[in-house]
Amino acid sequence: MSSMSRARVARRIAAGAAYGGGGIGLAGAAAVGLLLAEVQLARRQVGNGTLPHVPNAQGLYGDVYATPTEPPLRLTMLGDSTAAGQGVHRAGQTPGALVASGLAAVAERPVELRNVALPGAQSDDLERQVAEVLAAPGPVPDICVIMIGANDVTHRMPPTRSVRCLATAVRRLRTAGAEVVVGTCPDLGTIEPVQQPLRWLARRASRQLAAAQTIGVVEQGGRTVSLGDLLGPEFAANPRELFGPDQYHPSAEGYATAAMAVLPTVCAALGLWPAEEERPDVFRREGFLPVARAAAEAASEAGTEVAAAMPTGPRGPWALLKRRRRRRVAEVEPAPASSSP
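Model, not experiment: these values are computed from the prediction.

Criteria and thresholds
Residues numbered from 1 in each chain as written. Predicted model: local features only at pLDDT ≥ 70, side-chain atom pairs only at ≥ 80, totals over all residues. Heavy atoms only, no water. Helix = DSSP H or I, 4+ residues; strand = E, 2+ residues; numbered from the N terminus. Buried < 20%, exposed > 50% of the residue type's maximum accessible area, 1.4 Å probe, protein only. Contact = heavy atoms within 4.5 Å. Core = buried A, V, L, I, M, F, W, Y, C linked by side-chain atoms within 4.5 Å. Axes fitted to C-alpha atoms, helices over the stretch in contact; angles between N-to-C directions. Parallel < 35°, antiparallel > 145°, perpendicular 65-115°, else oblique. Left-handed = near helix turned anticlockwise from the far one by under 90°. Nonpolar A, V, L, I, M, F, W, Y, C, P; charged D, E, K, R; others polar. Pairing = 2+ DSSP bridges. Salt bridge = Lys/Arg side-chain N within 4 Å of Asp/Glu carboxyl O.

*Asks:* Just to check I follow, could you spell out the overall build of the chain for this structure?
*Replies:* A count of helices and strands for the chain gives 13 helices and nine strands. By the burial criterion, 53% of the 341 residues in the chain qualify as buried. For the chain, the proportion of contacts with a sequence separation of at least 24, taken over those separated by at least 6, is 80%.

*Asks:* Explain the nonpolar core to me, please; I cannot follow it from the model alone.
*Replies:* Within soluble globular proteins, side chains that are nonpolar tend to cluster in buried spots. Grouped together as the largest cluster of nonpolar side chains are 34 residues, with contacts concentrated most on Leu-75 and Val-266. Looking at this core, the elements that each hand over two or more residues are β2 (73-79), α3 (81-84), α4 (95-107), β3 (111-115), β4 (143-147) and α11 (252-269). The dominant element in this core, judged by the number of residues it contributes, is α11, at 10 residues. With residues near it in sequence (within four places) discarded, Val-266 still touches Val-99, Leu-103, Ile-143, Val-145 and Val-181. Membership of the second largest hydrophobic core comes to 23 residues, among which are Val-153, Cys-185, Leu-209 and Val-306.

*Asks:* Quick question: what am I supposed to make of the packing of α4 against α11 here?
*Replies:* Between α4 and α11, the least distance of the axes is 9 Å, while the angle of their chain directions is 40°. Taken together, the axis directions place α4 and α11 in an arrangement best described as oblique. Pair α4 / α11 crosses with right-handed handedness. Contacts from Pro-95, Leu-98, Val-99, Gly-102, Leu-103 and Val-106 in α4 reach Tyr-255, Ala-256, Ala-259, Met-260, Leu-263, Val-266 and Cys-267 in α11. In the contact of α4 with α11, the residues fall into 12 nonpolar, one polar and no charged.

*Asks:* Where do I start with the side chain of Gln-93 in this structure?
*Replies:* Tracing the backbone through its elements, the reader meets Gln-93 in the loop between α3 and α4. Residues within four places of Gln-93 in sequence aside, it is in contact with Val-88, Leu-98, Ala-252 and Tyr-255.

*Asks:* I keep staring at the side chain of Ser-206 and nothing clicks. Help me out?
*Replies:* On the secondary structure map, Ser-206 appears in helix α8 (residues 198-219). Ser-206 gets classed as buried once you look at its relative accessible area, which sits at 0%. Residues contacting Ser-206, with those up to four places away along its chain left out, are Cys-185, Pro-186, Asp-187 and Leu-188.

*Asks:* Looking at this structure, I do not really get the packing of helix α5 (residues 126-135) against helix α7 (residues 159-176). What am I missing?
*Replies:* Where α5 meets α7, the axes come as close as 9 Å, and the angle between the chain directions of the two elements is 10°. In terms of their interaxial angle, α5 and α7 are classed as roughly parallel. Listed contacts from α7 to Leu-126, Glu-127, Val-130, Ala-131, Val-133 and Leu-134 of α5 are Cys-165, Leu-166, Ala-169, Arg-172, Leu-173 and Ala-176.

*Asks:* What is the right way to look at the sheet that holds β4 in this model?
*Replies:* What holds strands together in a sheet is hydrogen bonding between their backbones, with the strands either parallel or antiparallel. Ordered in space as β1-β3-β2-β4-β5-β6-β8-β9-β7, the nine strands form an open sheet in which the pairing is mixed. Looking at the sheet topology across the chains shown, the edges are occupied by β1 (59-61) and β7 (287-290). Strand-to-strand twist of the sheet, defined as the mean angle between neighbouring strand axes without regard to direction, takes the value 25°. Alignment of β4 against strand β5 (residues 179-183), held across five bridges, turns out to be parallel. Paired with Ile-143 across the two strands is Glu-179, which belongs to β5. The strands touched by helix α13 (residues 291-299) are β7, β8 (304-308) and β9 (318-323); relative to β7, the strand with the most contacts, the crossing angle is about 110°.

*Asks:* What am I meant to see in the pattern of salt bridges here?
*Replies:* When the charged atoms of two side chains lie near each other, side chains of opposite charge can form a pair. Tallied over the entire structure, the rule returns 14 salt bridges. Here Glu-286 makes a salt bridge to Arg-284, at a shortest N to O gap of 3.4 Å. Across the pair, Arg-284 and Glu-286 agree in class, each one buried. In this structure, Glu-297 engages Arg-323 in a salt bridge whose closest nitrogen and oxygen atoms are separated by 3.3 Å. Residue Glu-297 is found in helix α13, and its partner Arg-323 is found in strand β9; the two are separated by 26 residues along the sequence. Arg-323 carries the same exposure label as Glu-297, and that label is buried. Among the charged side chains, a network of salt bridges with common partners joins Arg-285, Arg-293, Glu-297, Glu-301 and Arg-323.

Quick look at the structure:
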């Protein structure tokens, strides 16, 4: 599907989400969800009915930067198993720990990590997660990272409802004063057990939802990062290396790739990225685009950021599309949290 076609579909889904429509959406997405549910992702039941093991990565990162006068930055992860870090065995391998460590190094300031993500969650669980975040004692998080969408596709949630739930969550967090970065729906076409034609259908539905999520998030003042073909083209090229043993959740290296895709946008949202990096680079095909077109382009290329720009234009709201450089996975050495509440 061309980026222009994907932009049109994304606009329809986002419009349906904004105005309460339930019938506007992806005819293909429901079919993909049904097919994926029927084959149970090629008959691979993740977790085999047992409670998923998710390492507890909550705590303080970068305490070497602690000073008596400056409190830690507060980072909260929301979403599904990808945000929680299901599939790895050590806390330091989870995306939350990796982003917290990277943020602490860039800011030269400790980062307090909290994680309320739930494996298996769909976008309608974000209402509960956001309520938990906002009801917690202490200040509102400085930044929230949400990773959500894959279970919406596999469980046949109408995309308009999916986007509406996500947009509402972003609006509540932004209204409370938190910056928000959303890792959009990953490309389910890269899951190794899924064969053609399901692979193609899953990719199509995933990217259409990711584009629609981007429109909904940007319109509420958040930023998105495309996880694309699940955390970068490395997944398609090296699925055995970048997926975990269940061939569904990312491995430690896969999560590191995801974290490094998200980290620059997290830093930019907090005003910590170098000013020269914030200017669009025409040689990397960055610039200002109608939000639907930016969303469609981002859905096709992992690691691409979309953020609000001019409020309106001849074709509706405009956004800034950035293809931020990602550090190599080998450069990331997360420090362990100094506490695990």
